Each structure stands twice: as structure tokens, then as C-alpha cells.
Amino acid sequence: MTCASCVGRVERALRAVAGVTSAEVNLSTERALVRTLGAISRNDLIEAIESTGYAVPAPSALDFLVEGMTCASCVGRVERALQGVQGVARASVNLATERAHVELSQNIDPVRLINAIEEAGYDAKLVEAAAAANDQAVERREIETQALKRDLAIAIALTAPVFALEMGSHLIPGAHSLIEATIGITSTWWLQFALTTAVLFGPGLRFYKKGLPALSRLAPDMNSLVAVGTIAAYGYSLIATFAPQWLPRGTVNVYYEAAAVIVTLILLGRFLEAKAKGRTSEATNRLIGLQTKTARIVRDSIASNIDVVDLQLGDHVEVRPGERVPVDGEVLTGRSFIDESMISGEPVPVEKAHGATVVGGTVNQTGALTIKATAVGHDTLLSQIIRMVEQAQGAKLPIQAVVDKVTLWFVPAVMAVAALTFSAWLALGPSPALTFALVNALAVLIIACPCAMGLATPTSIMVGTGRGAELGILFRKGDALQRLKDAKVVMLDKTGTLTLGKPVLTDMHVLHGFDRDDVLALLAAAEAKSEHPVAQAIVKAAKDENLSIPAVDDFSSVTGYGIAATVNGRRVHVGADRFMRQLGLEPAVFETLANALAEEAKTPVYAAIDGVLAAIVAVSDPIKPTTPGAIKALHSLGLKVAMITGDNRHTANAVAKSLGIDEVVAEVLPQGKLDAVRRLKTQFGASAYIGDGINDAPALAEADVGLAIGTGTDVAIEAADVVLMSGNLQGVPNAIALSKATLGNIHQNLFWAFAYNIALIPLAAGALYPFTGMLLSPVIAAGAMALSSVFVLSNALRLRRFRPPFIVSAV
């Protein structure tokens, strides 16, 4: 399109499509907004535009929210369904964020992709449509979590008496005889049947609704494992309860407690998982919350408030003191300090005047500004940061849970072995062959029950993350435990991570003839009228020393040089060395000291009183006392340490030199930080990024593991995988040590769970019967299954005794 007539033609073509109520085309943004009465094919709209002689470029990618996935098998099915649609170049599905990222080679109606996902058994919606209903999505997750919590409570209440009745009679001497002499064994079986039936077809019904259809499609998932194990135990118990004559003598027993406990424990895991998933989108939600809803604009000399979405390039926007800047722009009139820490990560507000650029979402402090909009809508820097976080969080992780991987073959293999066992005993077994076939096939299924496998990973993660919380290390995502141990390079933000994050007065030297306290009080009085962060540091230092700050008679600011004031009749000048020279004073006497301060990343400021050079003071953002030890500890672990900061290169190099940091990337915005993370990952391998600001959110999400300082911003914390609650960097080597301990524990659990099954399945099938006449009773099979679970739980609980290499205290 090149002119207004082009716009008119496209609008008329779109309005002619059946179901379109309105069409608005914007020439400058080259976009069309179409409102419809109902669902209309995207292709119909594209054809209408192309019929007028214009083209609609194919989107490079589409993103979908996918509901109903529970494990890696689900991910694989959704990916295969999407890749089967013509025009899809690549599909990547993320289980944690419940998103599908689809790269396209041609225009495709999103409805076709949604249909493909639904045919695979899941629900989906386009992310653009879902974003408009973000609150509803949050509410849906909360409802799901509450439903799991309710069902878990019901399952525990119903399972407890079943477990006590059955296992109590085996474990407590005399309990079996007492039960038999009072209510009777048969009565206890009926009670267990009633309670277990309520568990399986109440709270546990979800597993059968999803697991059995997945089995029928020959694509089993974790729901299928739960369904197979519980049905085997429950079905055998039903026969023992209501048709015991079908079973050989000595094999009549019930395993209701196995079925009920499995469902209860898996529900517990699902509940914890749902709570974790509910937090995956909070970082993006908080970023979206930084965007203002309205803006005050001036058009034709008339000021009015409009929605931010209606802003256009070139609009004049008024920004009052204390307000967030609604849009990226250029200052036309006014002067103020802008807090840009959400973008640069630096705590020092930046002075803005005519011609300066401002960023949407930053906070105007004291002055009023009028700006011209230079970027609106999706083109603002904040919107770009939001997209970067979404893309980084939605990226496909290279590592999937071990249990999810084996579900592709484990259940079919077990079912095949059970079927083979049944057939072999039916054809070759002694009389009654059918009973032997049924007992041994059920023994195979019971011994292969997924209880230990289902517990192996989540119990270690639960105990490991719980121990981490006690140590001030909050693992927000369980898989961070797996990825953190493989880190080769640790990347850190500077401000608020390596340093305290707020400027302070660090040095003050006065010349002969001046009293330090008197000079500091005069400087504080003069600077009290200034809003510059250096001035605030000087004032705070005087207040901390309980000095009496006198009144100021007059005050003036000399832009680019410093300030001048009269305090109790004395003339005070504070500013840079060039300001002193302008006053006819020579600051050379402080030259050596000033150079030394600059090398330490400190900002020197000079003071003159009554026309005489009096002092030099230094303001800096000091390094945290615990930082040097933390950097040394990371080096001792064989890790490379890099600093990525938006601060100036000179200050960054000075800090890096004092700490022995290996790599320095300075003067970068959020996109630059993201690029640096990608480059260092390629150069060194698995990465961990540590930051505390909103500007760190994309880098935190992009790194293999993102660690946020707990004293930082909420957005950084929500975007990270791990949060160091104390703000002490020594928590990083502690987190890595805990990661290695937890993963070692998980590997032990998985080996035990699978090796146990692999070793005992042949015994359950009756492999030793031809040689020894020994069969593995379902009673023993259930006991073996329970023993494997007890071992897994006991082994995981050892993590409670984990001792960190460092004792960490809050900074």
C-alpha cells in the first residue's frame, strides 16, 4: 500500500467478506484490524486482500497454548500432530509453559493447527487470543490447582484406613488375629473395596479418562502407567473378594491398598506440579503490568486521556511527576530525572531534557515532560522485552525427565510380557492352567507397578528443593536441579548482584584548614536541594552521622558542571574537576587520589567553600562484602565467570579487575544481554545467569539456568529458575552442590526402581518354576513393589542431611 486510496480498497475488500462487521487499515503500520460476527477463515481474508492486488506476508511462526499435557509422551504427540500439517516447517512444544511454537513455511490458517492438536486429544488456542483472556487463564489454573488439592484431601482420607487395615495386619504383631477375631477378614476386605472404589473412581478417575484412551491409541503416558498398575491391583483384589474360588489355594489376597496409595501419591505429585506451572507466566504478567493503560496527549492544542493502544507515532504525550512513561519517545519540553533501572539495571536515575530519549515503562520522578512518541504498541522496548521473555521461556529444553522418556516403551513392554506370560501358562502350565496364567500375569503387572518410578524423581526434587529453601535457595522449577549441575560458565549482572545496588559516599578527604564534619554538613545542605543521586548519597551520609544540616539561602544548578549554594552566609560549590577550574581553582592537588578512586570504580566530586578548594568526596555502588568469596568459590569449582552489565565500560572493568572476573560485557541493554548469554553459551557450554533487575529477565530466561537475587525485582525473580533469597552470591556454589547431590539421588532412585522391576518381572512371570517349582505370589509381588517405594522414599529423605559448602547469611 502506498496511499489512502490503497487503504480504502483493502478496507472495502475485507468488509465484503461474509461475517466481517468492520475493517480498519492503517497505512503507516501496514496492518488491518478486522472485527467479525463469528469465526472466519484467515485464508478468506487473505484471498480478499490479494484479490485487490496487495500481499499478506506469511507469519514466520505462531504460538499456541496447549492444555491437557502431562508428560513427554504428550509433548511428542502434539509435535507429531503439528508437523503433520502441510506448511509447518518445525514444531516445538514446551511442557512447563504449555506452549507450542510452530515455524511456518507458508500461510496456514491457525484453525487447522488447532484442529490437529485437538485431534491428538488436547485443547489449544492461539496465544494472541489467549493473551486477551490472560486473567481467565490464571483463574483456570487456580481452579485446576484447587480441584487437585480437594481431590488429594479426599484421597488421603479414604486411603488412610485402607492402608492401616491391610498393612497394619502385616506389620503389627497380633493385628491380623485381632481383626479376624472382631470384624473378620472378609468384612475388612469389603470395607477396603468400598473405600478403594471411591478413591479410584472419584479422585483417581482422571487417570483412567486420559490413560486408557492413550493406551487404545498405542501411545501410553504416565496416566497409562497409573491406570495399568491400579487396575491390575484392584482387579485381582475384586476376584479375591467376590470370586476367591477362581484363585489357587494360597493366592487369595487383596491389594486394595496398593491401588489406593498409588492414586494418592500420584495426585500429590500432580498437585505440586500444578502449583509450579501456575507460576510460569507470572514474569510475563508482571512485565505486562508495567505498561500503562492510558496516556495524556495533546492534539490540536487540546489535552485528553486516551488508551495507550490508540497512540500513534508522532503524538505529543504529557508525563507528570511520579507517572510511568507510557511510550518510547523523545523529550520536547521539560526537565526531569527518569528511573531507568528496569531497562539499564542501574540505580542512578538519568537526567532528561530536550532531545533526550525516554523508554516506555520507566518512572518519571519530579519534573513534568512532554515527549514525542517514537515507538508505539509492539515496537516499544518494553514490549520487546516481554516477547524476549516469552520466547526464551517457551524454548524447547534439551533435557526431558527420564521417567517420561521410558514411558514410550516401558508400559507396552510390561503389557507384552504379561500377555506372553498368560499365554505361556495357559498353553503349557499345569492344571488349573487358567488360574496359574491369571495369577502370574497379574503378578507381572503388580511387580511392574509404576509406584516407585513415579516417586523416584518427584520425591528427590521435593526433599532437595525443601532443603534448598532452608538454605535460602529457592528452586522455582524442578528441572533447574538437573541443569544447574552441568553449568560451565556463570554470568552475573553487576548492580544489585555483585554490588549493593545503591550509591553511597565511600571516601572523603579534606584539605588542611577545614574540618571534615563541617565540610560534610555544608555539602549536604547544598546538595539537599538537588535530586541527583550523587547529591542524595552525600545527604544520606551526613544524616547517618547525625550531623546538623543548616538551611540554604539560595541554590542554583550549573548543567554539566555542578551546583552552587549559599549556606549560613558561606558560598559552597560542588561538582566535577572542570567546575573547579571554571571557578579558577586547580584540583591538581587531588589528581593522584582522584585517579585511584576512578580505578576503584568510584565517582570523584570536588567541593569549594568561599572560593577555596576544600575537599574531594567519592560516591560509588560498593561491592557486597560476600562477593569476592563467592567469585573465588565459583573459580574453585572450575567455572568461568563473566559479568554482563549496562554500566559504562570503565566502571565495569574496574569492578571485574578487583574481583578477578574472566569476561566483561558492558554498556548493553536487555537485547545485548540476551545476545551475550547466547554467545557465552556457545563458547563455554551450559550456562547459569545471575541477576536482579527487570532488564535481566530475558537473559535469566535464556540461560540454561537463571538465578535471581531475592532482594531484586519481582519480575527477575519470576523469570528465574532459582532465587537466592539472602541476596548472597555464596548461595550459588551452594545451589550447584545441592543440584549435584539431588541429581545423584534421583539417579540412584531411578536405578533402583527400574532395576528392581527388570530383575523381578521374570520371577513374577514364573521363569524359575521349571527348575525350582517356585512362583512369585502376587502377595510377594506387592510386597516387593512396596519395598521399592520405601527404598526410594528413604533414599530421597537422605537429602535432608545435605550440608552446604558455605554458611550463608543475608547481605
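Residues numbered from 1 in each chain as written. Predicted model: local features only at pLDDT ≥ 70, side-chain atom pairs only at ≥ 80, totals over all residues. Heavy atoms only, no water.

Observations concerning the overall build of the protein
Next up, step 1: Across its full length, the protein carries 31 helices and 28 strands.
Next up, step 2: Counting across all 811 residues of the protein, residues that qualify as buried make up 51%.
Next up, step 3: Accessible surface, the protein: about 35,900 Å² in total, of which carbon and sulfur atoms supply 57%. (Helix = DSSP H or I, 4+ residues; strand = E, 2+ residues; numbered from the N terminus. Buried < 20%, exposed > 50% of the residue type's maximum accessible area, 1.4 Å probe, protein only. Areas by Shrake-Rupley, 256 points an atom, 1.4 Å probe, with all protein chains shown as cover.)

As for the pairing of strand β4 (residues 88–94)
Next up, step 1: Counted residue by residue, β4 has five buried out of seven residues, so it is predominantly covered.
Next up, step 2: Relative to strand β5 (residues 99–104), β4 runs antiparallel, the two sharing six bridges. Across the sheet, residue alanine 91 finds its bridge partner in β5, namely valine 102. (Pairing = 2+ DSSP bridges.)

Looking at the sheet that holds strand β15 (residues 369–375)
Next up, step 1: The strand order across the open sheet built from six strands is β8-β7-β9-β15-β10-β13, with neighbouring strands paired in antiparallel fashion. Two strands lie at the open edges of the sheet, namely β8 (302–307) and β13 (357–358), each paired on one side alone.
Next up, step 2: Where strand β7 (residues 294–299) lies against β8, six bridges are found, and the strand directions are antiparallel. Paired with isoleucine 297 across the bridge in β8 is serine 304.

Thoughts on helix α4 (residues 110–119)
Next up, step 1: By the burial criterion, the buried members of α4 are Pro110, Leu113, Ile114, Ala116 and Ile117. Along the axis of α4, the buried positions cluster into a sector of 155 degrees, meaning they face one direction only.
Next up, step 2: Glycine 121, located one to two residues past α4, shows a positive phi value of around 105 degrees. (Arc of directions from axis to C-beta.)

Brief notes about unusual backbone geometry
It is generally the case that most residues other than glycine have a negative phi and that most peptide bonds are trans.
Next up, step 1: Non-glycine residue asparagine 546 carries a positive phi angle of around 55 degrees.
Next up, step 2: With a phi angle near 50 degrees, asparagine 568 is a residue other than glycine that sits in the positive phi range.
Next up, step 3: As for its position among the elements, asparagine 568 is in the loop between β20 (562–567) and β21 (570–575).
Next up, step 4: Residue class for asparagine 568 comes out exposed when judged on its relative accessible area of 59%.

Topic: a nonpolar patch on the surface
Next up, step 1: There is a patch of nonpolar side chains on the surface, built from Leu768, Phe771 and Met774 and spanning about 330 Å² of accessible area.
Next up, step 2: Relative to the elements of secondary structure, leucine 768 occurs in the loop between α29 (731–765) and α30 (769–772). (Patch = residues over 30% accessible without salt bridge, like charges linked within 9 Å, V, L, I, M, F, W, Y side chains within 5 Å. Salt bridge = Lys/Arg side-chain N within 4 Å of Asp/Glu carboxyl O.)

Some details on the nonpolar core
Next up, step 1: By size, the foremost hydrophobic cluster in this structure holds 37 residues, and its most contacted members are Phe475, Leu484, Leu492, Leu498, Ile690, Leu707 and Leu729.
Next up, step 2: In contact with isoleucine 690, other than residues within four places in its own chain, are Val490, Met491, Leu492, Asp493, Thr497, Leu707, Ile709, Leu729 and Val732.
Next up, step 3: Ala155, Val162, Ala240 and Val254 belong to the second-largest nonpolar core, a separate cluster that totals 32 residues. (Core = buried A, V, L, I, M, F, W, Y, C linked by side-chain atoms within 4.5 Å. Contact = heavy atoms within 4.5 Å.)

Concerning the confidence of the model for the protein
Next up, step 1: When pLDDT is averaged along the protein, the result is 80; 79% of the residues meet or exceed 70.
Next up, step 2: Segment residues 129–134: pLDDT under 50, and three contacts once partners within four positions in sequence are set aside and those in other chains are kept.
Next up, step 3: Residue range residues 391–401 is modelled with pLDDT below 50. Its contacts to residues more than four positions away, or to other chains, number 26 contacts. (pLDDT = per-residue confidence, 0-100.)

Looking at the pattern of salt bridges
Next up, step 1: Summed over all chains, the structure comprises 22 salt bridges.
Next up, step 2: The shortest N-O distance in the salt bridge between aspartate 544 and lysine 540 comes to 2.9 Å. Residue aspartate 544 and its partner lysine 540 are both found in helix α21 (residues 533–544); the two are separated by four residues, about one turn of the helix.
Next up, step 3: With relative accessibility at 53%, the residue aspartate 544 sits in the exposed group.
Next up, step 4: Under the relative-accessibility criterion, lysine 540 is labelled partly exposed at 44%.

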